[in-house]
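Here are the chains, one letter per residue:
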Amino acid sequence: MIYAGIDAGSRAIKIVLLEAPSGRMIASGVADQGIQQDKLAAGLLRRLLEENGCRESDIGYTVATGYGRGIVSLADTTVTEITCHAAGVRHLVKEARAVIDIGGQDSKFLHLDADGKVRDFAMNDRCAAGTGRFLEIVAARLGIHLANLGELARQSRQPAQISSMCVVFAETEIVGLLASGVEPADIVAGVMNAIAGRTAAMAGRLSASPVIFTGGVAMISGMDRALAEALGVEVAVCENPQITGALGAAILAMRKDGTQSAVEQ
Amino acid sequence: MGPRQITLEEWELRYDVLKSAGLDEPFYGGRLGRHLGDGDYRLRNLRFDDSAAALRLWNFLLTEEERLARARAEGRKLVGVMKDLGTTAVMAYALDNVVAFYPDGAWWIPCIMENSDRLLAVADSLGIGESFCPVRAMSGAFVTGNHFPIPDLLTCSVGATCDDFSAIAQRLEGLGHEIVWWEMPHRRAPESDEETVVLPGGVFAAGRSQVDFVKSQLEVVRKALERVSGELLDGDKLADTIARANRVRRVLGELRRAVYTAACCPLPALEMLIAEMLAIHYCSDRDETEAVLEELLAEVHARITAGVGFGGSDTAKVFWVNPVADLRVMNMLEECGGRICGTDYMFTHALDLIPEGIEPMEALALAALADPMAGSSHDRAARIAADVTAFGAEAVIVSRIPGASHCCAEGRVIGDYLRGTLNLPVLEIEVPPLCDAVRPGLYTRIEALVESIKQQRTP
């Protein structure tokens, strides 16, 4: 029997398939988000099943999570991304006590108890300035690929101060910085610091360690260092950070079906 | 069958069923759907308790404008008691010829009417933009005159209240509305050589000099009330009005106790919010307020006895801090698998009994000083912690009001205090007058809170 976790995020759909009872991940995949989210999710799932010689009837239970979880019709149930990220991180890093998840649309700080359950959490609710969207905008403005932002930031000698509270105004601020001759590397590093600062402010006194960094933004090198500096604690990027939510959803699918994976026993 | 939360459309059929079963309604009764004709479009997006008692509550709330218009037509004096949440209205109802109301209540009009009355746009035109609390809608209501008659007397408390409200009221005064201001000092710990006075509710204390000062300020209100009504507001009348206020508060207190401690939640969060709000200003009719609350209480007792309610006995128990600008959010609590289990809507002092058997103006001053907003956020957090413990809540939602100066940072203070003292999860959300655009995010947060409460219960 296999169990499916589908994370319908704002920028991408992620799917993880777990095999029971071993809890081994047999497949994972990522597809860009689009207009027909339900069809995109179904298509990605079909592809993963075919590539691994499985059929839809092999799936025991499916949990959908993420922003678009409510429209994934093939899911048996939905669970919030907060619970799923906690479950996914706990599966990968047993000793995790805090999770930072920065995705395309929002960011979260989760405080976990010793059993890996969510004890408390905070989510940004003001604007995109603490999310991956900010990095997308700066990448587009500088004409570089998102994946190369980290490399560019490493060349920074004096990170710029980005003071705007809003991404739209921050973009204007970046235009001004470029016009005044500030190096792109310093601007990117400044944006990373701004995101990290907002995340630290959001976490407030929820802070706990070890902190595990997940979500799509965790794939951008250098963000972990910026967060560590802002929080004053070590921050570790978890394995395959983009699929942690889907992994957690698959684990919860297993539990909801009454199966405990070998990893959890 | 147990109670249900139903749509406005479903209320049409439900009304017919209740009517054919002999539903006896007060003069303001009738179909809930008729309020759509007044532009109350938000009702289409709400889920309502399906009891006759809840129908009466909603009809009472949604007919206040008619009551005020009738009072004006009958020649009674209208007093707008601004900002104060529960003291000056009590004083005003001591007078035979006065109807007091709460103009600040206009802050819900943009929600209820889904902005169709453009009160916020009028406020914008007055320079009171969206950086202010949604109560700025009140200034629009004064300009359009569509929601309440211009009062014969306006009173407003300032000082340790709400900076936004003070600014808005000052703008009103600038527009020619005369206001009797009275000052509320910041409640502080008594000086070491000063007599300590324990305030209603038993959580806060103040120094004698502060009580005397508030008494002197309420004397200003008393004189203004006497002037506008032509009646003497003597000690006997005040003692009687305090006793009447306490009757309402006792019924509401029992309603809160019954609902928040029942094994299965007997009344949804939305109806409880509306019911609690009645304590501040009586929705322009004190006698009817008492009757509405008594009927709700009887319904709740009947449900508890029958063991029926909403969501079963395993629903997540959530304590709610601050009222929401969009009523739709209260429905989300049950939709996400939670239940209301205690509240602090910024007027806990209007729920506590006003002392009786002492000089009435002293009693009212004590009640006013117990206002959670008059003290520090830390004080307020202490009261919330006491109430959370009393009701057995498992988590707290602090609902920020966008732009409201008093709650821009207190959520963090309250959250840190509760985490530190009770080790409870605290969720902070911000609710605009219409939450449709941010609904998915709000829903996710509340649902995640419920999930985490349920996770914590499992071994």
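The present account deals with the structure reproduced in this document. (Residues numbered from 1 in each chain as written. Chains lettered and ligands numbered in written order. Predicted model: local features only at pLDDT ≥ 70, side-chain atom pairs only at ≥ 80, totals over all residues. Heavy atoms only, no water.)

### Some remarks on the overall build of chain A
The cut-off we apply is this: Per the convention used, a helix needs a DSSP run of H or I reaching at least four residues, while a strand needs a run of E reaching at least two, with both numbered from the N terminus. The atom set for the radius of gyration is the C-alpha atoms, and the globule formula is 2.2 Å times the number of residues raised to the power 0.38. Exposure classes here rest on a 1.4 Å probe applied to the protein chains alone. A residue is buried below 20% of its type maximum, exposed above 50%, and partly exposed in between. For this count, His and the chain ends are skipped, Lys and Arg are scored as positive, and Asp and Glu as negative. Lys charges are placed at NZ, Arg charges at CZ, Asp charges at CG and Glu charges at CD.
Regarding its fold elements, chain A presents eight helices and 10 strands. Expected size for 265 residues packed as a compact globule is a radius of gyration near 18 Å; at 19 Å, chain A falls within 12% of this value. Each principal axis of the C-alpha atoms in chain A carries an extent, and together these give about 60 × 40 × 30 Å. A buried classification covers 55% of the 265 residues belonging to chain A. The average position of the 24 basic charges and that of the 29 acidic charges among the side chains of chain A differ by 2 Å.

### Let's talk about the side chain of E173 of chain A
All names here are of chain A. Note the threshold: One speaks of a salt bridge when a side-chain nitrogen belonging to Lys or Arg is within 4 Å of a carboxyl oxygen belonging to Asp or Glu. Throughout, a residue-residue contact means that at least one pair of heavy atoms, one from each residue, lies within 4.5 Å.
Inspection of the secondary structure assignment puts E173 in helix α5 (residues 167–179). Despite its burial, E173 pairs with no opposite charge; the closest candidate is R198, at 7.5 Å N-O. Each residue touching E173, except ones within four places of it in the same chain, is listed here: Q161, I162, S163 and S164.

### A short note on unusual backbone geometry
Residue P21 of chain A is reached from A20 of chain A by a cis peptide bond, and omega for that bond is 5°. Relative to the assigned elements, P21 of chain A resides in the loop between β2 (12–19) and β3 (24–32). Positive phi, normally seen in glycine, also occurs at M346 of chain B, with a value near 75°. Inspection of the secondary structure puts M346 of chain B in the loop between β10 (338–344) and α14 (360–369). Its identity as a non-glycine residue notwithstanding, N423 of chain B has a phi of 55°, on the positive side. Along the chain, N423 of chain B falls in the loop between α16 (410–422) and β12 (426–430).

### Describing the nonpolar core
The test is simple: Here, nonpolar core refers to any group of buried Ala, Val, Leu, Ile, Met, Phe, Trp, Tyr and Cys residues whose side-chain atoms link them within 4.5 Å.
By size, the foremost hydrophobic cluster in this structure holds 182 residues, and its most contacted members are M82, L255, W320, L327 and V329 of chain B. Leave out the neighbours within four places in its chain, and W320 of chain B touches V329, M330, L333, I340, G342, T343, D344, Y345, I397, S399, I429 and I446 of chain B.

### Regarding the interface of chain A and chain B
Short version of the rule: We define buried area as the total accessible area lost by two parts upon association, computed with a 1.4 Å probe and summed across both. Any pair of nitrogen or oxygen atoms within 3.5 Å is treated as a polar contact; in protein, a donor-acceptor pairing is required on top of that, and neighbouring residues in sequence qualify only through side-chain atoms on both sides. Each residue is assigned to one of three groups, with Ala, Val, Leu, Ile, Met, Phe, Trp, Tyr, Cys and Pro labelled nonpolar, Asp, Glu, Lys and Arg labelled charged, and all others, Gly among them, labelled polar.
Between chain A and chain B, the contact holds 23 residues from the first and 25 residues from the second. For the chain A and chain B pair, buried surface summed over both sides reaches about 2,000 Å², with 40% attributable to carbon and sulfur atoms. The tally of links from chain A across to chain B stands at two salt bridges. When the shortest N-O distance is used, the salt bridge between R419 of chain B and D120 of chain A registers 2.3 Å. In this structure, the connection of chain A to chain B is made through 15 residue pairs in polar contact (both at pLDDT 80 or more). Ranked by residue count, the leading element in the side of chain A that touches chain B is strand β8 (residues 118–123) of chain A, at five residues. Residue composition of the side of chain A that touches chain B, grouped by class: nine nonpolar, five polar and nine charged.

### A short note on the pairing of strand β11 (residues 395–400) of chain B
Residues and elements named next belong to chain B. In plain terms, the rule: DSSP bridges decide pairing: two strands pair if at least two such bridges lie between them.
Across the six residues of β11, six count as buried, placing the element largely inside the fold. Side chains of β11 alternate between two faces, with A395, I397 and S399 and V396, V398 and R400 buried alike. Where strand β9 (residues 316–321) and β11 come together, four bridges link them in parallel fashion. Across the sheet, the residue bridging to V321 is V398, located in β11. Alignment of β11 against β12, held across five bridges, turns out to be parallel. Across the sheet, the residue bridging to R400 is E430, located in β12.

### Considerations on the environment of F48 of chain B
Residues and elements named next belong to chain B. Position of F48 among the secondary structure elements: in strand β2 (residues 48–49). C-alpha of F48 to C-alpha of Q5: the two residues are 43 residues apart in sequence and 4.9 Å apart in space. Apart from the residues lying within four places of it in its own chain, the contact partners of F48 are R4, Q5, I6, T7, L8, W11, L32, L43, W58 and E271.

### Some thoughts on helix α1 (residues 8–20) of chain B
Residues and elements named next belong to chain B. Spelled out, the test is: By this rule, a helix spans an expected 1.5 Å times one less than how many residues it contains.
With 13 residues, α1 should cover 18 Å at 1.5 Å per step; its first-to-last C-alpha distance of 19 Å lies within 8% of that length. Regarding α1, the residues found buried are L8, W11, Y15 and L18. Buried residues in α1 make contact with β1 (5–6), β2 and α2 (52–61).

### Focus: the sheet that holds strand β6 (residues 180–184) of chain B
Residues and elements named next belong to chain B. Stated precisely, the cut-off is as follows: Axis lines are fitted through C-alpha atoms, for helices just across the contact stretch, and the angle between N-to-C directions can take any value from 0 to 180 degrees.
Strand order in the open sheet formed by four strands is β4-β3-β5-β6, with parallel pairing between adjacent strands. Both outer strands of the open sheet, β4 (98–101) and β6, are each paired with one neighbouring strand and no more. Neighbour-to-neighbour, the strand axes of the sheet open up by a mean angle of 25°, direction not taken into account. Where strand β3 (residues 77–82) lies against β4, four bridges are found, and the strand directions are parallel. By the bridge assignment, G80 is partnered in β4 with F101.

### Details of the pattern of salt bridges
All names here are of chain B. For the structure on display, the rule yields 50 salt bridges over all chains. Here E114 and R42 are joined by a salt bridge, their closest N and O atoms 2.9 Å apart. Taken together, the residues E114 in the loop between α5 (109–112) and α6 (119–125) and R42 in the loop between α1 and β2 connect sequence positions 72 residues apart. For E114, a relative accessible area of 23% translates into the label partly exposed. For E231, the salt bridge is made with K237, and the minimal N-O distance between the two is 3.3 Å. Taken together, the salt bridges that share partners define one network made up of E195, R208, D212, K215, E359 and E362.

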